[in-house]
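# Descriptive analysis of the structure
This is what each chain is made of:
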Amino acid sequence: METNYQRYTIDRHLKRYTKALGHLSKCGPEHFSEFLNLVKDQNQYYEALKLYPSGTQEYKDISDAYGEYLIEMQLYEQAALIFARAGIFAKALDAFQNGGSWQQALCMASRLGYTKDKLSSLSRSMAGKLVEQRKHSEAAILLEQYTQDYEEAVLLLLEGALWEEALRLIHKYGRLDILETNFKPAILEAQKSQLIFLDSLKTAFLRHKSRLQVVRELKEKACESLQDYEMPHCPELDLCSETSSVVTASDMSSKYSHSNSRISA
């Protein structure tokens, strides 16, 4: 065997995979497929990237495989960074989208030379996902700045109860009519929902308060009935009582120290 391939074969047999990759990388491009298969089998992506300059096709192929592996692990942002560093911008864009990094996704769209219409479509798609995650403010930025649909942006801000930002856009574009048609109805509906919510809390509180009062009365009556009950005099019982008092006092001290925070709560 050629010297480097010989050393690779020995190290692979001894499961010294990092050293084996180092030797195999010196065996020429005809052995690169074997190199990449070993990298995938042993998850040696990080070490493999050190063996090739960043501008080479080998570096790009390793990065592509590494990014796919990270996506399988649902590490989307890390995968996107690996793709972007290797110049694989289309896959980087998808990974940034899946990871919720819409700003970086737009950067990748710029690197890919997206047209205005294509960028608008991408922004609208990402805005929809952000709304599902209750990120109305970020979705509104995409609609206003990248689709020029400020009316839809205002509606999203009202849906997310972001009143001040909605007011800013209304006045920025001189659409004071939206105050009467959308803004005031939305804020009145929000007020109504809050009042209903507070009323439900008050009802639940009063119900629990009444139940607590009943429990306290029952407990007090139970204590009174125990006090009225007299035990017959017996030395053995007195001894047991004294012993249990000592143990109970010790137990109570221990319990109190452990549950002080619960008592406070």
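With an unreviewed UniProt entry as reference, the protein is termed Elongator complex protein 1, source organism Podiceps cristatus.

## As for the pattern of salt bridges
Applying the stated criterion across every chain yields a total of eleven salt bridges. Measuring nitrogen to oxygen at the nearest pair gives 3.8 Å for the salt bridge that ties Glu34 to Arg12. Within this pair, whereas Glu34 is found in helix H3 (residues 32–42), its partner Arg12 is found in helix H1 (residues 3–13), the two being separated by 22 residues in sequence. What makes Arg12 partly exposed here is its relative accessible area of 36%. Here Glu180 ties to Lys184 by a salt bridge, and the two come within 2.8 Å at their closest N and O atoms. Of the two residues, Glu180 and Lys184 are both situated in helix H13 (residues 177–228); the distance of four residues between them amounts to about one turn of the helix. A residue is classified by how much of its surface remains accessible, and Lys184, at 41% relative accessible area, is partly exposed. Overlapping salt bridges bring together Asp64, Glu68 and Lys91 as one network.

## As for the packing of aromatic side chains
Any two aromatic rings considered together are summarised by their centre-to-centre distance and by the angle between their planes. Counted by the stated rule, this structure contains eight aromatic pairs. Taking the centre distance of 5.1 Å and the plane angle of 5 degrees together, the rings of Tyr45 and Tyr66 count as stacked. Placement of the pair is Tyr45 in helix H4 (residues 45–49) and Tyr66 in helix H5 (residues 57–72), with a sequence separation of 21 residues. Between the aromatic rings of Trp163 and Phe183, the centroid separation amounts to 6.0 Å while the plane-to-plane angle is 80 degrees, which identifies the pairing as edge-to-face. Placement of Trp163 in helix H12 (residues 163–172) and of Phe183 in helix H13 is noted, with a sequence separation of 20 residues between them. The class of Phe183 is buried, set by a relative accessible area of 9%. Of the aromatic side chains, those joined through ring pairs into one cluster are Phe32, Phe35 and Tyr52.

Reading guide: rules and limits
Residues numbered from 1 in each chain as written. Predicted model: local features only at pLDDT ≥ 70, side-chain atom pairs only at ≥ 80, totals over all residues. Heavy atoms only, no water. Salt bridge = Lys/Arg side-chain N within 4 Å of Asp/Glu carboxyl O. Helix = DSSP H or I, 4+ residues; strand = E, 2+ residues; numbered from the N terminus. Buried < 20%, exposed > 50% of the residue type's maximum accessible area, 1.4 Å probe, protein only. Phe/Tyr/Trp six-rings, centres within 6.5 Å; stacked < 30°, edge-to-face > 60°.

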